[in-house]
Amino acid sequence: MVTTPVRTRPRTILVVALVAAALLLAGLALVDPTAAQSEPATTTTAPTTTAPTTVPPTTPPPPRDVLLVGDSIMKSTGPALADQLGDRYRVHNAGVNGSGLLTPDVFDWPAQLPASLNQFDPDLVVMLFIGNYTSDPAQMWVAADGRTVPDVYAPAFAEEWGQQGERYVTRAISTGAEVVLVLPPPMISARVQRVTDRLRAEYQAIAARHPDVTLVDAATAVGGPDGEWIATRQTGAGIPAPVRVADTVHLADHGQALVAHEIHLGIRRAVQAR
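A few points on the structure. Keep in mind it's a predicted model, so treat the numbers as computed, not measured.

## Brief notes about the overall build of the protein chain
Scanning the protein chain from N- to C-terminus turns up seven helices and seven strands. From first element to last, N terminus to C terminus, the protein chain shows the α and β order α-β-α-β-α-β-α-β-α-β-α-β-β-α. A separation threshold of at least 6 residues defines the contact pool for the protein chain, and within that pool the share at least 24 residues apart is 69%. As presented, the protein chain carries roughly 16200 Å² of accessible surface, and 58% of it is formed by carbon and sulfur atoms.

Here is the structure:
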């Protein structure tokens, strides 16, 4: 009888395979099942915001005070000057018709000027006097040497006028104010023009002695090419307009605006030089 041998090797292989599988499963169990699935942590940084820059409000500088001292030419020019200067300036118009530097009985500038300087404490003082005087012997100026000044044509008139002009300019400068001194406009009469020229020379001498004085020439505003008297000048539109009224001395509206413009330029120069 022939006996068929039993084959046990495949079963042994199967058993070995099952044991290996069991060991593999046991090793996997020791591993954190979430480790393979976890993602790297993400760090979130909050966006940086810059607070808006707050600009503190600026306080505009206070307006400069301008004191106008003079006669009718100054007084009539004052409103046009105030309009041209605008809100950056406060204009105090102390001009008095018919007043002059040698007639305190007509108007007392020796007392009024210090009072106005104290009242307004101006940054700038504008002075414009064309040479008013008096024909009343009781009101005529008596010089320090006892001489009476009889009229504007006497040589002593301009000399005494210059001395008083120096006095008033020095008084204004002593307060810390800048002084704008306006040379008189031209006159139609040759004889009166000679008086005006002497007064202009006195004013120029005062300015030469005081660096704080700025000269302005009204002849540039309302005079002709050589500073002579003229009746009209062109407007910005190129139309001739009167610069003087019928009496040939006082200024028409256009003349006031032109003189005011020259004074305005002088004020700007004085402020820039300060």
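Following the structure, the description resumes.
## Brief notes about the environment of Thr170
Counting through the fold element by element, Thr170 comes out in helix α4 (residues 155-173). Along the chain, Thr170 and Ile206 lie 36 residues apart, while their C-alpha atoms are 9.4 Å from each other.

## Description of the packing of aromatic side chains
Applying the stated criterion across every chain, the model contains five aromatic pairs. Taken together, a centroid distance of 5.6 Å and an interplanar angle of 90° make the contact between Trp109 and Phe129 edge-to-face. With a gap of 20 residues between them, Trp109 in helix α3 (residues 109-120) and Phe129 in the loop between β3 (124-128) and α4 connect regions that are remote in the sequence. For the pair shown, Trp109 and Phe129 are each scored as buried. Note on Phe157 and Trp161: the rings are 5.3 Å apart at their centroids and 45° apart in plane angle, and the pair reads as tilted. Highlighted residues: Phe157 and Trp161, both in helix α4, separated by four residues, approximately one helical turn. A single burial state applies to Phe157 and to Trp161, both of which are buried. Connected via pairs of aromatic rings, a cluster forms that spans Phe107, Trp109, Phe129, Tyr133, Phe157 and Trp161. Positioned above the aromatic ring of Tyr153, the side-chain terminus of Arg191 is 3.6 Å from the ring centre.

## Quick notes on the sheet that holds strand β2 (residues 89-93)
The parallel open sheet is built from five strands, whose spatial order is β2-β1-β3-β4-β5. Each edge of the open sheet is held by one strand with a lone partner, namely β2 and β5 (213-217). Neighbour to neighbour, the strand axes of the sheet diverge by 20° on average, direction disregarded. In the sheet, strand β1 (residues 64-70) pairs with β2 via five bridges, with the strands oriented parallel. Each residue of the ladder has a partner; that of Arg64, found in β2, is Tyr89. In this fold helix α5 (residues 190-209) packs onto β4 (178-183) and β5, with an angle of close to 155° to the strand it touches most, β4. The strands touched by helix α7 (residues 253-273) within the sheet are β1, β2, β3, β4 and β5, with β5 carrying the most contacts at an inclination of about 160°.

## Some remarks on the pattern of salt bridges
Applying the stated rule across the entire model yields four salt bridges. Across the pair Asp65 and Arg90 runs a salt bridge, and its minimum N-O distance is 2.9 Å. With Asp65 in strand β1 and Arg90 in strand β2, the pair connects residues that are 25 residues apart, well separated along the chain. The buried category is assigned to Asp65, whose relative accessible area is 10%.

## Remarks on the packing of α4 against α5
In the contact formed by α4 and α5, the axes pass within 9 Å of each other and the chain directions differ by 35°. For the crossing formed where α4 meets α5, the hand is right-handed. For the pair α4 and α5, the contacting residues are Phe157, Ala158, Glu159, Trp161, Gly162, Gly165, Glu166 and Val169 in the first and Val195, Arg198, Leu199, Glu202, Tyr203, Ile206 and Arg209 in the second. Considered class by class, the residues forming the contact of α4 with α5 number eight nonpolar, two polar and five charged.

Criteria and thresholds
- Residues numbered from 1 in each chain as written.
- Predicted model: local features only at pLDDT ≥ 70, side-chain atom pairs only at ≥ 80, totals over all residues.
- Heavy atoms only, no water.
- Helix = DSSP H or I, 4+ residues; strand = E, 2+ residues; numbered from the N terminus.
- Contact = heavy atoms within 4.5 Å.
- Areas by Shrake-Rupley, 256 points an atom, 1.4 Å probe, with all protein chains shown as cover.
- Phe/Tyr/Trp six-rings, centres within 6.5 Å; stacked < 30°, edge-to-face > 60°.
- Buried < 20%, exposed > 50% of the residue type's maximum accessible area, 1.4 Å probe, protein only.
- Lys NZ or Arg CZ within 6 Å of the ring centre and 35° of its normal.
- Pairing = 2+ DSSP bridges.
- Axes fitted to C-alpha atoms, helices over the stretch in contact; angles between N-to-C directions.
- Salt bridge = Lys/Arg side-chain N within 4 Å of Asp/Glu carboxyl O.
- Left-handed = near helix turned anticlockwise from the far one by under 90°.
- Nonpolar A, V, L, I, M, F, W, Y, C, P; charged D, E, K, R; others polar.

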